[in-house]
Amino acid sequence: MPGEAPLVFDLGTGARQLGRALLTRPEREVQVFISHFHIDHLFGFPFFSPVFAPSFKLRISSPSFSGDATRDRLGRYLNGILHPLRMPDLPAPIEYGSVRPARPVEAGSATVTAVGLNHPGGSCGYVVSGGGKKVAYLTDTSPLSRPGEGLSGGLAPTAREAEAIRLLQGADLVAMDTMFSEVEYLEKMSWGHGYPEYAALLCRAAEVKTLALFHHSPDSHDDALDGLAERWAGGFDGMRVIVAKEGADVDLEG
Ligand SMILES: [Zn+2]
Ligand SMILES: [Zn+2]
């Protein structure tokens, strides 16, 4: 929301560019929500400019038991070994919080609801509602039903899918994990990632307006992603489908 602390989801490699951009904005606050502590979601933490700006107030929340647990888990990365700095060396005042599924938290005028996902060690998605708009970030996750069951099997949603559909209902934008093709997913089901056809089925069931295919495989070169964009250019049963890319802006009025 204009004038409010921007909301940031995870601190992957994109956090470097984003952090620099945030320094040029008038707001001196930022709220970060971490999905889980796998390193691809944290790489950018000690390269995120606001943590070096004493004038910046940060709040970082994660699906942990407490704010202290969020701080301690980030501290395993910023421990003086994997990066020269330790947590107490960061000049910005940082408050640490915890989030739990089904317990929405207020973030400025928006409400952020955590969603438990299907990933080794757990991962937490987020649904943000505010100003008459709804946006969701769902990574890292396998489908919420096993092959042959629920939406994966072309059947009625499982209880878990029904809950996700309720939370996503009518969302303007959902960015969802589609790292694999369906064939790759079936070969690597224990990895905790999804594929486009499943994300499309789940989001269409929730009457989502735009689905952004997200968390691309490191093996997906630009040509592969261009091919993906082409395959989904016509959308899915009236739903717009786009391929997420670094630095992209999505206009929710469109
Ligand atoms: Zn992960
Ligand atoms: Zn990941």
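Residues numbered from 1 in each chain as written. Chains lettered and ligands numbered in written order. Predicted model: local features only at pLDDT ≥ 70, side-chain atom pairs only at ≥ 80, totals over all residues.

## Some details on the overall build of the protein chain
Link 1 in the chain: Within the protein chain, the secondary structure is distributed over 6 helices and 11 strands.
Link 2 in the chain: By the compact-globule yardstick of 18 Å for 254 residues, the protein chain fits well, its C-alpha radius of gyration being 18 Å.
Link 3 in the chain: Seen along its three principal axes, the alpha-carbon backbone of the protein chain occupies a region of about 50 × 40 × 40 Å.
Link 4 in the chain: A buried classification covers 39% of the 254 residues belonging to the protein chain. (Helix = DSSP H or I, 4+ residues; strand = E, 2+ residues; numbered from the N terminus. Rg over C-alpha atoms; globule rule 2.2 N^0.38 Å. Buried ≥ 20, exposed ≤ 12 C-beta atoms within 10 Å, placed from the backbone.)

## As for the sheet that holds strand 1 (residues 7-9)
Link 1 in the chain: Taken in spatial order, the 4 strands of this open sheet run 1-2-3-4, and their pairing is parallel. The strands lining the two open edges of the sheet, one partner per strand, are strand 1 and strand 4 (94-98). Recorded for the sheet is a direction-independent mean angle of 20° between the axes of neighbouring strands.
Link 2 in the chain: The sheet strands contacting helix 2 (residues 67-75) are strand 3 (57-62) and strand 4, and the helix crosses strand 4 at an angle near 115°. (Pairing = 2+ DSSP bridges. Axes fitted to C-alpha atoms, helices over the stretch in contact; angles between N-to-C directions. Contact = placed C-beta atoms within 7 Å.)

## Side note on the environment of S49
Link 1 in the chain: Tracing the backbone through its elements, the reader meets S49 in the loop between strand 2 (29-33) and strand 3.
Link 2 in the chain: C-alpha separation for the pair S49 and A15, spaced 34 residues apart in sequence, amounts to 8.3 Å.

## Section: unusual backbone geometry
Link 1 in the chain: D140 follows T139 through a cis peptide bond whose omega is -15°.
Link 2 in the chain: When you line up the elements, D140 lands in the loop between strand 8 (133-138) and helix 3 (159-168).
Link 3 in the chain: Even without being glycine, H215 reaches a positive phi, approximately 60°.
Link 4 in the chain: For H215, the position within the fold is in the loop between strand 10 (210-214) and helix 6 (222-231).
Link 5 in the chain: The buried category is assigned to H215, around which 20 C-beta atoms lie within 10 Å.
Link 6 in the chain: Phi at D237 is positive, roughly 55°, even though this residue is not glycine.

## Side note on the environment of D222
Link 1 in the chain: Along the chain, D222 turns up in helix 6.
Link 2 in the chain: Residue class for D222 comes out exposed when judged on the 8 C-beta atoms lying within 10 Å of it.
Link 3 in the chain: D222 sits 44 residues away from T178 along the chain, and the two C-alpha atoms are 16 Å apart.

## Considerations on the nonpolar core
Note that soluble globular proteins tend to have their nonpolar side chains buried in a common cluster.
Link 1 in the chain: Formed by 64 residues in total, the largest nonpolar core has its most connected members in V115, Y126, A136, L168, V174, C203 and L211.
Link 2 in the chain: In terms of residue count, the dominant contributor to this core is helix 5 (residues 196-205) (6 residues).
Link 3 in the chain: Here this core spans two domains, since at least three of its residues come from each of domain 1 (1-99) and domain 2 (102-246).
Link 4 in the chain: For A136, the contacting residues outside a window of four places in its chain are G125, Y126, V127, L168, A171 and V174. (Core = buried A, V, L, I, M, F, W, Y, C linked by C-beta atoms within 7 Å. Domains from an automatic or database assignment.)

## As for the sheet that holds strand 8
Link 1 in the chain: Across the sheet, 7 strands lie side by side as 5-6-7-8-9-10-11; this open sheet has mixed pairing. This sheet does not close on itself; its edge strands, each paired only once, are strand 5 (105-107) and strand 11 (240-243). Between one strand axis and the next, the sheet turns through 20° on average, direction left out of account.
Link 2 in the chain: Of the pairings in the sheet, the one linking strand 10 to strand 11 comprises 4 bridges and is parallel in character. What sits directly across from L213, in strand 11, is V243.

## Let's talk about the domain arrangement of the protein chain
Link 1 in the chain: You can read the domains of the protein chain as domain 1 (1-99) and domain 2 (102-246).
Link 2 in the chain: Computed over C-alpha atoms only, the centres of domain 1 and domain 2 are separated by 24 Å.
Link 3 in the chain: Residue-level contacts link 12 residues of domain 1 with 21 residues of domain 2.
Link 4 in the chain: At the level of secondary structure, the elements contributing two or more residues to the side of domain 1 that touches domain 2 comprise strand 1 and strand 2.
Link 5 in the chain: Considered class by class, the residues forming the side of domain 1 that touches domain 2 number 7 nonpolar, 4 polar and 1 charged. (Nonpolar A, V, L, I, M, F, W, Y, C, P; charged D, E, K, R; others polar.)

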